[in-house]
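Descriptive analysis of the structure
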Amino acid sequence: MHVLFGDVFMQLTVSKALLVILLGFIGGILSGFIGSGGAFFMTPGMMNLGVSGVVAVGSNITHKFGKALVGSKKHSQMGNVDKKLAIFLLATALVGIRLAVLINSMLFEGGTGHGAGKSAGADLYISAIFIGVLFFVGLHMLRDAVRKGAEGEGPSRRITEYLGRLNLKPVIRFPVSDVELSLWVLLPVGLATGYLAGTIGVGGFIGVPAMIYVFGIPTAVATGTELYLAVYMGAFGALNYAWEGFVDLRLTLLLFLGSLIGVHVGAYGVKVVSERLIRLTTGLIIILCVFSRGVAVPVYLRELKWIHYNPAWDKLFNGSSTVLLFAAGISGALAILYNVIKAHAERRKIHTTLLVSRPGSET
Amino acid sequence: MPIIFISGLPFGGGERLARMLAQKLGYDYLSRDDVVARSNECGIPVGKLEVAMVKKPAVQERMARLRDRYLAVATDSICEKAAQGDLVYYGRAGHHLLPGVTHVMRVRVVPESGQRLESVMQRLKLGREKAEKFIQDIDNDIRAWVHFVHGWEMDDPRRYDFVVNLENVSLENAAVALCGIAELPDFKPTPASRKAMEERLLQSRARIKLALDERTAGADLTVRSAEGILTITYMPRQSGVASVIPEVVGDIPGCTEIRCTMAGTNILWVQERFDPDAESFRQVNEIARRWGAAVELLGYSASGTAEVGGPEPAVVPGRASTKAYDGGIEDDVPEKLSESERTFRRTLEALVREGRSGGGQTVCGGREKILSSVNPSIPYSLVVVGDLFLQKPAAARTRMARELSAWIGHHIKAPVISVSELGARLRFTPAQALKIIASLAVVALVYVVIFLRQGPVLDILGGGYHKSHPWAAPLLVAVVAPLVAALYGQVAGALLKLIKLE
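Residues numbered from 1 in each chain as written. Chains lettered and ligands numbered in written order. Predicted model: local features only at pLDDT ≥ 70, side-chain atom pairs only at ≥ 80, totals over all residues. Heavy atoms only, no water.

Within chain A one finds 12 helices and five strands. The proportion of buried residues among the 363 residues of chain A is 55%. Taking all contacts inside chain A whose residues are at least 6 apart in sequence as the whole, residues at least 24 apart take part in 78%. Element-wise, carbon and sulfur atoms account for 68% of the exposed surface of chain A, whose accessible area totals about 14,600 Å². (Helix = DSSP H or I, 4+ residues; strand = E, 2+ residues; numbered from the N terminus. Buried < 20%, exposed > 50% of the residue type's maximum accessible area, 1.4 Å probe, protein only. Contact = heavy atoms within 4.5 Å. Areas by Shrake-Rupley, 256 points an atom, 1.4 Å probe, with all protein chains shown as cover.)

Here it is as structure tokens:
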């Protein structure tokens, strides 16, 4: 691995720069399609390209901050942002982010120092959290997609009901979401969201489901509020990682080049693809991303000298992981693009053939 | 004679008052229990819906569909019964189901608390404390139901014509008083009001038929009715239902035409006078085409008189009305359309030709009439506010339109834009082009600096300079990331606008 400045930043070649732009574009499409930040694809993608985990997270959270800044404005106009809820969540989310940055930095700085890769500990830690969280999320999405009658049924509300019955005081009313929530439910969710946003950059994967399943607020408000929260969490995380010296602004700018275009394509895809297919595509891509990360794990284990094998195999593991990740991302993006183009063509046809029918006569 | 809506709380005497009134007046009687029974027959689990709405108010797709179907069954039951003769309805907020129907008398019953408590204790065999708790819980649940299902507060006195406080007046006397009030001319049916009720009936019947037919039951459809024309929109991903819809709703009595529009989203266009030849029509149509949206026309006149729907002799002063195009003109009277009515129809027909029609109606009166005529289950992406208050001087017109826009935005929760702003957004003016070029230049400069001077930049971010000046990296990140995101976002947006792919 070619790195600059104390093993932190990698040497950026033209081909790698183009691949980062591609990562941004695919991540943007997936992000617009799913409504998440796309970090589940971009962070491991950058790690596969040779960026150390902590820099990949730091650079991606900076990218997310900028993107959320643009996106949250639109959600705000639509009335989808519960600012009061965001403030309560932010209180502990910032603590979670700081905690995550400290752990990542400590693991990075505490590299073995005896020949092992310096970032291996942090990379392994980030990969483990990534695999654990996203495997659960991906499986859940796939289960929802294949479950009979899942279409349009909406998420389960059992947790919301259970917590509501507990009536843990103090209870705070949130007029925009139209719910009443216990402070003792809000704070841990904020902490977990911040911690995951800071550790792997996918706070939305915890924040949005928690708002829907635990708080019981409407999906649109959950997404809008998470995006609003992401502006502040992203800003705080970006500044923290920058303070620790782990933000590669070059990567952030390259991600912007692809993602800010891709996100529009993905958002268009949501309109024309069925809800079940969205869940199925997303679940499959996430699971493939998890497998891809899993394939790269032996490299970190070897670097930490926890397992032993011929270092020449590292290329095989890294290569397979990269191929798997890009194959998943590209095939997912192509599937979305195919549906977008197909729907666009169909709509052009249907556009002028509005069905006007008079009962009793030919249509 | 009016449809009398008695709105009350369980064990509060409202039901007895409604029955007594129906008996005295010789009217038919219908209660919420009848509606619930019919809903259950139609496969709508009202109990489950109630629990979902009251305990877990975040409306999910399936629950929203069930809610719409329940409201359709309730509307259909009331309209059908009222069409057969006079009616007293007892329930929670049934009067919200017939916006635009003016021959309704809305009565809220405030229970006599002591008697209510006794009644609960006796009938449910509960102790005083438990009975009080029961009443408190059930009242809260019903208030929540009205709030989430109808979007109004049950205790808002503006929602009623009369409030009967049984703490101060006996049931018998209240019934006698209401019998007299029901005779007032304010509550007499007008042709326009009857017509509005027919439209509600047609709309609810179509909704029920679409819900019960297995081919369309799972589709996300919006149904509107105006002048016998059913306008049904469906999602692009469910385009297969389009050919089935006419088969499902075609045989409903009173339906003269069915218009199916594929729409991913909806745009509400509020204006006093519509004109298909105006520039504003082209602009709204253009944005609808880009977004794949259906455009719903809402002709609005605050004056409550002629401009939108032409002369309406039957409107009772002080009571606003909703009407379909020819408000007040009976079927057997030759149509005499005003200029504004003609252009409204032409605009709607032009939208149909463009494949963007989301239906249309006109409404006169206070601004709350706008809300009551809009289907709360339709998620609007944009509200376009055109020329309004045309009879006012220019300055007052601007101010009032601005205030109304803010009010609509607050209540409908969608971005509100004026027609003039819409034009500015659609046009790619030289000033905009200059702005985009400037943004692009700044973005390009940032990229050139960062990538041509990678060494010093990385030194600040994580090298030796960072070790001695750790504040410099956060500062650089805080300036560059949002700046590039905002400016590049603008450029990307403009590019998409240029290729009409917003």
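Let's shift gears to the overall build of chain B. Along its length, chain B carries 18 helices and 14 strands. Counting over 502 residues, chain B shows a buried share of 57%. Total accessible area on chain B stands at roughly 21,300 Å², and carbon and sulfur atoms take up 55% of it.

Before going further, it helps to examine the packing of aromatic side chains. Residues and elements named next belong to chain A. Under the definition given, this model contains 12 aromatic pairs over all chains. Consider the rings of Phe88 and Phe174, whose centres lie 5.6 Å apart with planes at 90°: the pair is edge-to-face. Of this pair, Phe88 sits in helix α4 (residues 83–109) while Phe174 sits in strand β3 (residues 171–174), and the two are 86 residues apart along the sequence. Given a relative accessible area of 26%, Phe88 falls into the partly exposed group. A connected cluster of aromatic rings, assembled from ring pairs, spans Tyr309, Trp313 and Phe317. Above the face of the Phe174 ring, Lys84 is positioned so that its terminal group lies 5.4 Å from the ring centre. (Phe/Tyr/Trp six-rings, centres within 6.5 Å; stacked < 30°, edge-to-face > 60°. Lys NZ or Arg CZ within 6 Å of the ring centre and 35° of its normal.)

All right, on to the side chain of Asn48(A) then. Turning to its location among the elements, Asn48(A) is positioned in helix α2 (residues 39–48). Its relative accessible area of 9% is what places Asn48(A) among the buried residues.

On to the confidence of the model for chain B, then. Low pLDDT marks regions whose predicted coordinates should not be analysed in detail. Residue and element names in this part refer to chain B. In the predicted model, chain B carries a mean pLDDT of 80, and 88% of its residues have values of at least 70. Between residues 305–334, whose pLDDT stays under 50, and residues either more than four places distant or in other chains, the model counts 76 contacts. Across the interfaces of the predicted complex, the ipTM metric reaches 0.80, alongside a pTM of 0.62. (pLDDT = per-residue confidence, 0-100.)

In this section: the nonpolar core. Ranked by size, the top nonpolar core spans 116 residues in total, and within it Phe40(A), Phe41(A), Leu85(A), Leu134(A), Leu186(A) and Phe215(A) carry the most contacts. If near-sequence neighbours (up to four positions away) are discounted, Phe41(A) is found in contact with Leu23(A), Ile26(A), Gly27(A), Leu30(A), Cys289(A), Leu325(A) and Gly329(A). If you look at the next biggest cluster of nonpolar residues, it comprises 37 residues, including Ala52(B), Tyr70(B), Trp145(B) and Met197(B). (Core = buried A, V, L, I, M, F, W, Y, C linked by side-chain atoms within 4.5 Å.)

Backbone-to-backbone hydrogen bonds join strands into a sheet, with any given pair of strands oriented parallel or antiparallel. All names here are of chain B. Reading across the sheet, the five strands line up as β2-β3-β1-β4-β5 and stay open at both edges, with parallel pairing between neighbours. This sheet does not close on itself; its edge strands, each paired only once, are β2 (28–31) and β5 (162–165). Ignoring strand direction, the axes of neighbouring strands in this sheet form an average angle of 20°. By the bridge criterion, five bridges tie strand β1 (residues 3–7) to strand β4 (residues 104–110) in an arrangement that is parallel. Residue pairing in the sheet places Ile6 in a bridge with Val107 of β4. Of the strands in this sheet, β1, β2, β3 (87–91) and β4 are in contact with helix α1 (residues 14–25), which crosses β3 at around 175°. Docked against the sheet, helix α7 (residues 171–182) engages β1, β4 and β5, running at close to 160° with respect to β4. (Pairing = 2+ DSSP bridges. Axes fitted to C-alpha atoms, helices over the stretch in contact; angles between N-to-C directions.)

Glancing now at a nonpolar patch on the surface. Among the surface-exposed residues, Trp243(A), Tyr465(B), Trp471(B), Leu475(B) and Val479(B) lie close enough to one another that they form a single nonpolar patch of about 520 Å² accessible area. One can find Trp243(A) in helix α9 (residues 219–244). With relative accessibility at 43%, the residue Trp243(A) sits in the partly exposed group. (Patch = residues over 30% accessible without salt bridge, like charges linked within 9 Å, V, L, I, M, F, W, Y side chains within 5 Å. Salt bridge = Lys/Arg side-chain N within 4 Å of Asp/Glu carboxyl O.)

Moving on, we come to empty space enclosed by the protein. All names here are of chain B. What the rule picks out here adds up to three cavities of 30 Å³ or more. Arg32, Tyr70, Leu71, Ala74, Tyr89, Arg92, Ala93, Gly94, Leu97, Trp145 and His150 are the residues that line the largest cavity. For the lining of the largest cavity, the secondary structure elements donating two or more residues are α4 (61–84) and α6 (128–150). If you tally residues by element for the lining of the largest cavity, the top one is α4, at three residues. Broken down by class, the residue content of the lining of the largest cavity amounts to seven nonpolar, two polar and two charged. (1 Å grid on protein atoms, 1.4 Å probe; cavity = no way out; pocket = protein on both sides within 12 Å on 5 of 7 lines; lining within 4 Å. Points joined across faces, edges and corners; volume = space filled by probe spheres on them. Nonpolar A, V, L, I, M, F, W, Y, C, P; charged D, E, K, R; others polar.)

The next subject is the side chain of Asp156(B). The residue Asp156(B) is located in the loop between α6 and β5 in this model. Here Arg158(B) takes part through its side chain, which lies 2.9 Å from a polar atom of the side chain of Asp156(B). (Polar contact = N/O pair within 3.5 Å; in protein donor to acceptor, adjacent residues only side chain to side chain.)

This part takes up the pattern of salt bridges. Residue and element names in this part refer to chain B. Counted by the stated rule, this structure contains 25 salt bridges over all chains. The salt bridge partner of Asp68 is Arg67, with a shortest N-O separation of 3.9 Å. The pair Asp68 / Arg67 is uniform in exposure class, with both members buried. Asp155 is the salt-bridge partner of Arg143, the closest N and O atoms lying 2.6 Å from each other. Placement of Arg143 in helix α6 and of Asp155 in the loop between α6 and β5 is noted, with a sequence separation of 12 residues between them. Connected through salt bridges with shared partners, the residues Arg38, Asp76, Glu80 and Arg205 form a single ionic network.

The residue Gly489(B) is located in helix α18 (residues 472–498) in this model. Between the alpha carbons of Gly489(B) and Ser439(B) there is a distance of 9.5 Å; along the sequence they are 50 residues apart. Those residues in contact with Gly489(B) that lie beyond four places of it in its chain are Leu260(A) and Val484(B).

With that settled, the discussion passes to helix α10 (residues 279–291) of chain B. Residues and elements named next belong to chain B. Across its 13 residues, α10 extends 19 Å between first and last C-alpha, which sits within 8% of the 18 Å expected from 1.5 Å per residue. All of the buried residues in α10 are Ser280, Phe281, Gln283, Val284, Asn285, Glu286, Ile287, Ala288 and Arg290. Trailing α10 by a residue or two, Gly292 shows a phi angle of about 65°, which is positive. (Expected span 1.5 Å × (residues − 1).)

On to the environment of Thr43(A), then. Residue and element names in this part refer to chain A. With respect to the helices, strands and loops of the structure, Thr43 is situated in helix α2. For Thr43, a relative accessible area of 1% translates into the label buried. Those residues in contact with Thr43, other than ones at most four positions away along the chain, are Ala56, Val57, Asn60 and Ile200.

As a further point, take the pairing of strand β6 (residues 221–226) of chain B. Residue and element names in this part refer to chain B. With respect to burial, β6 is a largely interior element, six of its six residues being buried. Here β6 shows two buried faces, one formed by Leu221, Val223 and Ser225 and the other by Thr222, Arg224 and Ala226. Note that β6 and strand β7 (residues 229–234) share six bridges and pair antiparallel. The residue of β7 that forms the bridge with Ala226 is Ile229. Here β6 folds back onto β7 in antiparallel fashion, the turn holding two residues, of which Glu227 has a positive phi close to 55°.

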